[in-house]
Amino acid sequence: MEKISVAVRFRPPNLVAANTSPASSGGGGDREWRIDDTRVSLLHRAAGPITGASFAFDHVFDGAANNERIYGTVVRELIGAVVGGFNGTAFAYGQTSSGKTFTMNGSDADPGIIPRAVRDVFDTVRQADDREFLIRVSYMEIYNEEINDLLTLEGQKLKIHESLDRGVYVSGLREEIVNSAEQVFELLQLGEANRHFGETNMNMRSSRSHTIFRMVIESSGKDQTDGGDAIRVSVLNLVDLAGSERIIKTGAEGVRLNEGKYINKSLMILGNVINKLSENGKQRGHIPYRDSKLTRILQPALGGNAKTSIICTAAPEEIHIEETRGTLQFASRAKCVSNCAQVNEILTDAALLKRQKLEIEELRKKLQGSHSEGLEQVVLKLRNDMHKSELERDRLAMELEDERKLRMTLEQHLTEQQKLEAISSDHFTDSIQLDLLKTPDSKSVPDGFVACRSRYSQDVEFSPIPENLDNIAEEDLWTRLNKGCVTDLDMLEMTPNLKRESSFLQEKSSAAPLEEPTNAICQRLAKECIYDQQQLEESKARCANLEKDCDVLRDENLSLQQELSESKLEADSLVAEKQAQLDDLRMRCVALERDLSSSRQEAHRLATEKQELAGQLGTERQKMDELKQDIRVICGDLLQREGQLTSIYTKSKAIIESCKASQVATLL
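Residues numbered from 1 in each chain as written. Predicted model: local features only at pLDDT ≥ 70, side-chain atom pairs only at ≥ 80, totals over all residues. Heavy atoms only, no water.

It is worth spelling out the overall build of the protein chain at this point. Per the secondary structure count, the protein chain includes 17 helices and 19 strands. Looking at the protein chain as a whole, 32% of its 668 residues are labelled buried. Once local pairs closer than 6 in sequence are excluded, the contacts in the protein chain between residues at least 24 apart make up 72%. Accessible surface, the protein chain: about 42300 Å² in total, of which carbon and sulfur atoms supply 53%. (Helix = DSSP H or I, 4+ residues; strand = E, 2+ residues; numbered from the N terminus. Buried < 20%, exposed > 50% of the residue type's maximum accessible area, 1.4 Å probe, protein only. Contact = heavy atoms within 4.5 Å. Areas by Shrake-Rupley, 256 points an atom, 1.4 Å probe, with all protein chains shown as cover.)

Here you go:
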């Protein structure tokens, strides 16, 4: 975005107007304008600065500034940008008789912006050795809201159209191709002769219409052999606006009054457009470009694709203070307008094909290069992480299920122990019942053999029991029964299988002798209950932690799946886009091949015609040689006859002379 460049120019004081104004009698008025480099302020001679009448701009020029200084400060940089491919617009705005036409056209001693810009364009073009240029010019006026072509008398009441390729343009406008500044000046003189001027009380030669001088500059590279470079097309608009006027001051009547109404209306719409463009984006609303043909034509220059410079002209006399203040307010609002200027390039089919080929090659290199490998590695890493998370989730789910089963077992065991504790807390008064609950004493049968097989033996394959068992179990017998395996009870206690441990505890509790005191049993059961409760709490805590880990892994898995799906969608969209581009390029290549084949056929036909013409030319040359030979023979005959005639003429002359001599002699 680039702000519009705004400059203010005060013309020298008009002594005639100063002498005729009532406020200036007696040595001048009470108010005057103070002009600095970038600021204009309204002062009261006695009270000092007036509040709300101070304005700041990019440049401010006083009455001593000439057109050369204004052009070099405001417009010269714009001309270089236009030759480089940017659109550019420069126009003068102000009240009538403030110096707009002099600023744009100038005089013979001090040329204005338009002639200086024309010469500068051609000088810049000649210095550009790497590009070829084609320049077209047109000149139009807007008179009473009707567009007239100033370069031809037939171009009256032209219409405005808009297209995607050309944008806003005037249909039927004559454009002349020019090669030098002198040709442009001749066309300007022709246009000025057809322009509408009139006399008012404020100006002897007042502009009664808005004029737009337009230069279209096309350029392409000189080394362009295959048509692969883009063509730059830029437009330079140099506008001389008619001045706003008051009927009281101009004394306009009849036709001049009607012209002034149209002028003031178009300038008012221009001010409305500038007001809308200077507002914030949210408050801007509709911009009334179409309300006037002037704003419609200048639409790209106002908030569009162009570099724009505005020169606001003002009168320093006190009688024109209100008009000058309005002009400065317009300039202040215009200074807030931003344009988005960019180089205008038109791509031919060959240039577009070349650029797209380069883009496809770059994308192909990226896909085949490290970027593709890195993307594949990222996708593989995401897949591996997702697989690991799934395995970890399954493992945690299994552990969670085991923990739940263990917790249920521990709760069941704890319930049974609580029941046993309740039973053991009762006082047994009947000794017979207590004796019945006791295990028989093994010491009462010293010679007997008791074999007590543990429940763990159910899971192991044992050797067959020997046929003859003695009363005493020897060590060899136990070795043979266990296949040489010695059971380590400590190892069995450290086995992590809690089911076996619970069964072992049940067996141990069931095998505990009833001879143990009731208090000891209660204490032991209480300890076991506390231990089981601790294990249950630990298992619950572990279950909660496992559930949290499972949720975290589930979330990570979902995020990884989402990232993977997004990467797949992005890769698919990229592949689809590039495939569409490749298909488009293939279609264009096919079309170009067809055009090439047709061009080759046309070239072959032209070559055939050339050969035929060459044969005809040889025949004609042969005929011409024969004619030349005949001419030579005829010339020889003519020379011979001429010699004969000369000799005859000499002889006849001699005969005549002799006859005359004989006649003279006879007379004598």
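Backbone geometry at Glu-145 places phi at a positive 60°, although glycine is not the residue there. Although it is not a glycine, Lys-157 sits at a positive phi angle of roughly 55°. Relative to the helices and strands, Lys-157 is located in the loop between β9 (146–149) and β10 (159–163). With relative accessibility at 54%, the residue Lys-157 sits in the exposed group.

What follows concerns the nonpolar core. In terms of nonpolar packing, the biggest core is built from 45 residues, with Trp-33, Phe-57, Tyr-93, Leu-241, Leu-270 and Leu-302 touching the most fellow members. The greatest single-element share of this core, amounting to seven residues, is contributed by helix α7 (residues 255–278). Not counting chain neighbours up to four residues away, the residues in contact with Leu-302 comprise Leu-270, Val-273, Ile-274, Leu-277, Tyr-289 and Asn-339. Counting 38 residues, the second largest nonpolar core, distinct from the first, contains Phe-122, Val-178, Val-184 and Leu-238. (Core = buried A, V, L, I, M, F, W, Y, C linked by side-chain atoms within 4.5 Å.)

To continue, consider the packing of aromatic side chains. Both the distance between ring centres and the angle between the ring planes are used here to describe each pair of aromatic rings. Evaluation of the coordinates by the stated rule reveals four aromatic pairs. Ring centres of Phe-10 and Trp-33 lie 6.4 Å apart, and the angle between their planes is 45°; on these two criteria the pair is classed as tilted. Taken together, the positions of Phe-10 in strand β2 (residues 5–10) and Trp-33 in strand β3 (residues 31–35) put the pair 23 residues apart, joining distant regions of the chain. By relative accessible area, which is 1% here, Phe-10 ends up buried. (Phe/Tyr/Trp six-rings, centres within 6.5 Å; stacked < 30°, edge-to-face > 60°.)

A few words now on the pairing of β9. Strand direction decides the pairing type here: strand β8 (residues 131–143) and β9, joined by four bridges, are antiparallel. Within β9, the position partnered with Met-140 by the bridge is Asp-149. Connecting β8 to the next strand, β9, in antiparallel fashion are two residues, including Asn-144 with a positive phi near 55°. (Pairing = 2+ DSSP bridges.)

We now examine the pattern of salt bridges. One pass over the structure, following the stated rule, counts 20 salt bridges. A salt bridge links Lys-307 to Glu-2, with the nearest nitrogen and oxygen atoms 2.8 Å apart. Pair noted here: Lys-307 is in strand β17 (residues 307–314) and Glu-2 is in strand β1 (residues 2–3), with a separation of 305 residues, a long-range link. For Arg-586, the salt bridge identified is with Asp-583, shortest N-O distance 2.9 Å. With a gap of three residues between them, Arg-586 and Asp-583 both fall in helix α17 (residues 518–667), about one helical turn apart. Asp-583 sits in the partly exposed class, given a relative accessible area of 33%. (Salt bridge = Lys/Arg side-chain N within 4 Å of Asp/Glu carboxyl O.)

Let us look at helix α2 (residues 67–83). Approximately 50° is the largest bend angle found in α2, and it occurs at Val-75. One or two residues past the end of α2 sits Gly-85, with phi positive at roughly 120°. (Bend = angle between axes of the 7 residues up to and from the residue.)

Inspection of the sheet shows β10 paired to strand β11 (residues 167–171) by five bridges, in the antiparallel sense. Across the sheet, the residue bridging to Ser-163 is Gly-167, located in β11. Between β10 and the antiparallel strand that follows it, β11, lie three residues.

Our focus in this paragraph is the side chain of Thr-327. Looking at where Thr-327 falls in the secondary structure, it is placed in helix α10 (residues 321–334). For Thr-327, a relative accessible area of 5% translates into the label buried.

Moving on: the sheet that holds strand β5 (residues 48–56). Spatially, the three strands line up as an open sheet ordered β3-β4-β5, and their pairing is antiparallel. Each of the sheet's edge strands pairs with one partner strand only, and the pair in question is β3 and β5. For this sheet, the mean inter-axis angle between neighbouring strands, taken without regard to orientation, is 20°. Pairing of strand β4 (residues 39–44) with β5 involves five bridges; the strand directions are antiparallel. Bridged to Leu-43 within β5 is Pro-49. (Axes fitted to C-alpha atoms, helices over the stretch in contact; angles between N-to-C directions.)

Here the focus is the packing of α7 against α10. Put simply, α7 and α10 touch, their axes get as near as 8 Å, and they point 40° apart. What the angle tells us is that α7 and α10 run oblique. Our pair here, α7 against α10, has a crossing hand that is left-handed. For the pair α7 and α10, contact is made by Leu-270, Gly-271, Ile-274, Asn-275 and Ser-278 and by Phe-330, Arg-333 and Ala-334, respectively. Taken together, the residues that form the contact of α7 with α10 break down as four nonpolar, three polar and one charged. (Parallel < 35°, antiparallel > 145°, perpendicular 65-115°, else oblique. Left-handed = near helix turned anticlockwise from the far one by under 90°. Nonpolar A, V, L, I, M, F, W, Y, C, P; charged D, E, K, R; others polar.)

Here we take up the environment of Gly-304. Relative to the helices and strands, Gly-304 is located in the loop between α9 (293–297) and β17. Dropping the residues within four chain positions of it, Gly-304 is found in contact with Gln-299, Asn-339, Cys-340 and Ala-341.

To continue, consider the side chain of Glu-259. Locating Glu-259 in the fold gives a position in helix α7. Note on Glu-259: relative accessible area 3%, which makes it buried. Ignoring anything within four residues of it in the chain, the contact list for Glu-259 reads Tyr-143, Asn-144 and Arg-208.

When pLDDT is averaged along the protein chain, the result is 77, and 77% of the positions lie at 70 or above. Of all secondary-structure elements in the protein chain, the lowest mean pLDDT belongs to helix α16 (residues 498–510), at 43, while helix α4 (residues 113–127) reaches the highest, 94. Segment residues 19–27: pLDDT under 50, and seven contacts once partners within four positions in sequence are set aside and those in other chains are kept. (pLDDT = per-residue confidence, 0-100.)

With that out of the way, let us pick up the packing of α2 against α4. Where α2 contacts α4, the axes come no closer than 10 Å and their chain directions differ by 40°. When the axes of α2 and α4 are compared, the pair comes out oblique. In the packing of α2 onto α4, the handedness of the crossing is right-handed. Facing α2, whose interface residues are Asn-67, Glu-68, Tyr-71, Val-75, Arg-76, Ile-79 and Val-83, α4 presents Ile-113, Arg-116, Ala-117, Asp-120, Val-121, Thr-124 and Val-125. Looking at the contact of α2 with α4 residue by residue, the class counts come to eight nonpolar, two polar and four charged.

What follows deals with α10. The end-to-end C-alpha distance of α10 is 20 Å, a good match for the 20 Å that 14 residues give at a rise of 1.5 Å each. Within α10, burial applies to Ile-321, Glu-323, Thr-324, Thr-327, Leu-328, Phe-330, Ala-331 and Ala-334. (Expected span 1.5 Å × (residues − 1).)

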